[in-house]
Amino acid sequence: MEHVLETLFAAVDNLDFQGAAAFLNARNHPSLKNFKNLQEQQYWRPYALELEARGFRPQPHLNASASDCGLVMIAIPKNVIEARFLIAQGLSMLSQSGMILCAADNKAGGARLKKMLRSFGLDDIGELSKNRARAAWATKQNAASKEIEAALKEGAMQPVLNGAFMSTPGMFAWDKTDKGSEILAQHLPKNLKGKGADFGCGYGFLARHVLENFQAVENLICADADWR
């Protein structure tokens, strides 16, 4: 990720923007200190803690209705639905003349950045390829509102596995049961009882399995580093 951040902030040096800035899927980087008015969004608690240790105040969600940002930066995740969701969220936060800037590893979405921005109706797209990563940017001016709405809906929390759970694109195995959890569920001891904990619980497959099949379990704490 460090090389992606280097490419992202190298691209910032080529941009001329005014007003507040936001960083979605934010990671700590020395260049952050150059921003006077910056909001940071991060779901993943370990990364949020790194930002907090440097004096920032990252949030799991930012207010997309403000529409006053001059620049929104995004470290693009691998999941395409999540990536489009973050781009749509970023466009929603921008002023009409604001600029969106995305960066990704060449092997994890970098090659499709321009195509992804074009799918939102953006044109006159700038691009920088550096450090085995790529950055792409454009102004919001011609953004397609229908595409933004569709991406926000597709990437939002939603029912999965026939409505048994609520989950979000980008979470681990977000819309299926991963094989590791399936195997563990099949080999749990038959005498589980009392109080327990499910670390890395995700959307709750194992926790629900335990509570439905082991009546002697009185209390179960579910914990995950992903805020979602």
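See above for the structure.
These numbers were taken from a predicted model, which means no experiment stands behind them.

Below, the discussion takes up the sheet that holds strand β4 (residues 94-105). Think of a sheet as strands paired side by side through backbone hydrogen bonds, with each pair either parallel or antiparallel. Overall, mixed pairing links the six strands, which are arranged β2-β1-β3-β4-β6-β5 in an open sheet. Both outer strands of the open sheet, β2 (38-41) and β5 (126-130), are each paired with one neighbouring strand and no more. Here the average twist between neighbouring strands, direction ignored, is 15°. When strand β1 (residues 20-24) meets β2, the two strands line up parallel, connected through four bridges. In the sheet register, A22 faces β2, and the bridge partner there is Q39. Docked against the sheet, helix α1 (residues 2-12) engages β1, β3 (69-75), β4, β5 and β6 (133-139), running at close to 145° with respect to β4. Taken strand by strand, helix α3 (residues 80-93) contacts β1, β2, β3 and β4, and its axis lies near 155° from that of β4.

Below, the discussion takes up the pairing of β1. For β1, the buried fraction is high: five of the five residues fall into the buried class. Relative to β3, β1 runs parallel, the two sharing five bridges. Paired with L24 across the strands is I74, a residue of β3.

Before going further, it helps to spend a moment on the nonpolar core. I74, I87 and I100 are the most contacted members of the largest nonpolar core, which totals 29 residues. Mapped onto this core, the elements with two or more residues apiece are β1, β3, α3, β4, α4 (113-118), β6 and α5 (145-154). Of the residues forming this core, the biggest block, seven residues, is contributed by α3. For I100, the contacting residues outside a window of four places in its chain are V72, I74, I87, G90, L91, L94, L117, L122, A136, W137 and A138. Within the second largest apolar cluster, 26 residues are counted, among which are F35, M99, L128 and A133.

With respect to the helices and strands, the residue G109 is situated in the loop between β4 and α4. For G109 and N131, which are 22 residues apart along the polypeptide, the C-alpha to C-alpha distance reads 14 Å.

Mapping E82 onto the fold places it in helix α3. A distance of 3.2 Å separates polar atoms of two side chains, one belonging to E82 and the other to R228. Those residues in contact with E82 that lie beyond four places of it in its chain are Y43, P77, P169, G170 and R228.

A few words now on the side chain of T168. The topology assignment puts T168 in the loop between β8 (165-167) and α6 (179-186). Filtering out sequence-adjacent residues up to four positions away, T168 remains in contact with G155, A156, M157, W174 and R228.

The next thing to look at is the packing of aromatic side chains. In the structure shown here, the tally under the stated rule is four aromatic pairs. With 5.9 Å between their ring centres and 90° between their planes, F9 and F23 make a pair best called edge-to-face. With F9 in helix α1 and F23 in strand β1, this pair connects stretches of sequence that are 14 residues apart. Assessed through its relative accessible area of 4%, F9 is described here as buried. Residue F23 is classed as buried on the basis of its relative accessible area of 0%. Judged by centre distance (6.4 Å) and plane angle (25°), the rings of F17 and F35 are stacked. With F17 in the loop between α1 and β1 and F35 in the loop between β1 and β2, the pair connects residues that are 18 residues apart, well separated along the chain. For F35, a relative accessible area of 15% gives the class buried. An aromatic cluster of three or more residues is present, and its members are F9, F17, F23 and F35. The ring of Y47 has R27 sitting right over it, with the charged end atom 3.6 Å from the ring centre. For R228, the ring lying beneath its charged end belongs to Y43, and the centroid distance is 4.0 Å.

Reading guide: rules and limits
Residues numbered from 1 in each chain as written. Predicted model: local features only at pLDDT ≥ 70, side-chain atom pairs only at ≥ 80, totals over all residues. Heavy atoms only, no water. Pairing = 2+ DSSP bridges. Helix = DSSP H or I, 4+ residues; strand = E, 2+ residues; numbered from the N terminus. Axes fitted to C-alpha atoms, helices over the stretch in contact; angles between N-to-C directions. Contact = heavy atoms within 4.5 Å. Buried < 20%, exposed > 50% of the residue type's maximum accessible area, 1.4 Å probe, protein only. Core = buried A, V, L, I, M, F, W, Y, C linked by side-chain atoms within 4.5 Å. Polar contact = N/O pair within 3.5 Å; in protein donor to acceptor, adjacent residues only side chain to side chain. Phe/Tyr/Trp six-rings, centres within 6.5 Å; stacked < 30°, edge-to-face > 60°. Lys NZ or Arg CZ within 6 Å of the ring centre and 35° of its normal.

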